[in-house]
Amino acid sequence: MSNKRPMKIAIFSDTHDNLVNFKKAISRAKRGETKLLIHCGDILKPETIKEALKNFPYKAHFVLSESDKCYFKNLSADYFDDLPNLKIWEDFGEIEVNGKKIAFCHLPKLAFKKAFARKYDVIFYGHLHKPWKTKIGKTTLINPGNLAGLFFRPTFALFDLKTEEFKLKILN
């Protein structure tokens, strides 16, 4: 019998440059044996990503919101070279992990539109600041809430790829 745990994904959104909460969430996600991080937009400044991820050794995917694009438009091509596990997506990202087709974006409208295409197992999205989970056909849609603590308590989510279990984590 193997004691290897299933791979978990940490899903963040709407950090709004709250570096304290972002670092706290990454620390908690690492303790939960997370091997992949997805951020669904509204991070804002690129420096926030660099600072938060400097001790995160695994793959990280960030999708940009319209607000993020204002801060990212004049970056040099080598700005994130010190973070080789980081991938930045423009509006919509998609990956396959352990046979699961995963997509992520910032806006709920785009997430729901993509869900109706029946191409993905799970789609993560942000923008609303409120945690939410629903299902359209075979696609599970998950909003992890927000790390900034704006309008609602600061939250993030863990998603277990093996069991497809979604756990909402509230930051204290």
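Bear in mind that the values here come from a model prediction, so they are computed numbers and not experimental data. (Residues numbered from 1 in each chain as written. Predicted model: local features only at pLDDT ≥ 70, side-chain atom pairs only at ≥ 80, totals over all residues. Heavy atoms only, no water.)

Student: Can you walk me through the pairing of strand β2 (residues 34–39) in this structure?
Tutor: Side chains on a regular strand alternate between the two faces of the sheet. With five of six residues buried, β2 is to be regarded as a mostly interior element. One ladder, built from five bridges, connects strand β1 (residues 8–12) with β2; its direction is parallel. Residue pairing in the sheet places Phe 12 in a bridge with His 39 of β2. As a crossover connection, the stretch from β1 through helix α1 (residues 19–31) into β2 is right-handed. Where β2 and strand β3 (residues 59–63) come together, four bridges link them in parallel fashion. Opposite His 39, over in β3, you have Phe 62 as the bridge partner. (Buried < 20%, exposed > 50% of the residue type's maximum accessible area, 1.4 Å probe, protein only. Helix = DSSP H or I, 4+ residues; strand = E, 2+ residues; numbered from the N terminus. Pairing = 2+ DSSP bridges. Right-handed = clockwise from strand over helix to strand, strands pointing away.)

Student: Any chance you could explain the sheet that holds strand β11 (residues 166–170) here in plain terms?
Tutor: Pairing between sheet strands relies on hydrogen bonds along the backbone, with the strands arranged either parallel or antiparallel. What the six strands build is an open sheet, ordered β4-β3-β2-β1-β10-β11; its pairing is mixed. Of all strands in the sheet, those bounded by a partner on one side alone are β4 (86–89) and β11. Averaged over all pairs of adjacent strands, the angle between their axes in this sheet comes to 20°, without regard to strand direction. Against the sheet, α1 makes contact with β1, β2, β3, β10 (155–160) and β11, and its axis sits at roughly 165° relative to β1, the strand it touches most. (Axes fitted to C-alpha atoms, helices over the stretch in contact; angles between N-to-C directions. Contact = heavy atoms within 4.5 Å.)

Student: What exactly am I supposed to notice about unusual backbone geometry here?
Tutor: Generally, phi is negative for residues other than glycine and the peptide bonds are trans, each holding for most cases. If you check the backbone angles, Asp 17 has positive phi at about 65° while not being a glycine. Looking at the element boundaries, Asp 17 is found in the loop between β1 and α1.

Student: Help me understand helix α4 (residues 108–115) in this model?
Tutor: Because an α-helix packs 3.6 residues into every turn, residues spaced three or four apart end up facing the same way. Among the residues of α4, those classed as buried are Pro 108, Ala 111 and Ala 115. The arc that holds every buried residue of α4, seen down its axis, measures 60°, which confines them to one face. In α4, the exposed residues that point more than 90 degrees away from the buried face are Lys 109 and Lys 113. Looking at the buried positions of α4, the neighbouring elements they touch are β6 (100–105), β7 (122–124), β8 (132–136) and β9 (139–143). (Arc of directions from axis to C-beta.)

Student: Even after reading the chapter, I still don't get the nonpolar core, so can you show me in this structure?
Tutor: Generally speaking, nonpolar side chains in soluble globular proteins are found buried as a group. Judged by nonpolar contacts, the single largest core of 24 residues is most densely connected at Phe 12, Ile 49, Leu 53 and Phe 62. Those elements that place two or more of their residues in this core are β1, α1, α2 (46–53), β3 and β10. For Leu 53, the contacting residues outside a window of four places in its chain are Ile 26, Leu 37, Ala 60, Phe 62, Leu 83 and Leu 86. Judged by nonpolar contacts, the second largest core, of 17 residues, contains Val 63, Ile 95, Val 97 and Leu 161. (Core = buried A, V, L, I, M, F, W, Y, C linked by side-chain atoms within 4.5 Å.)

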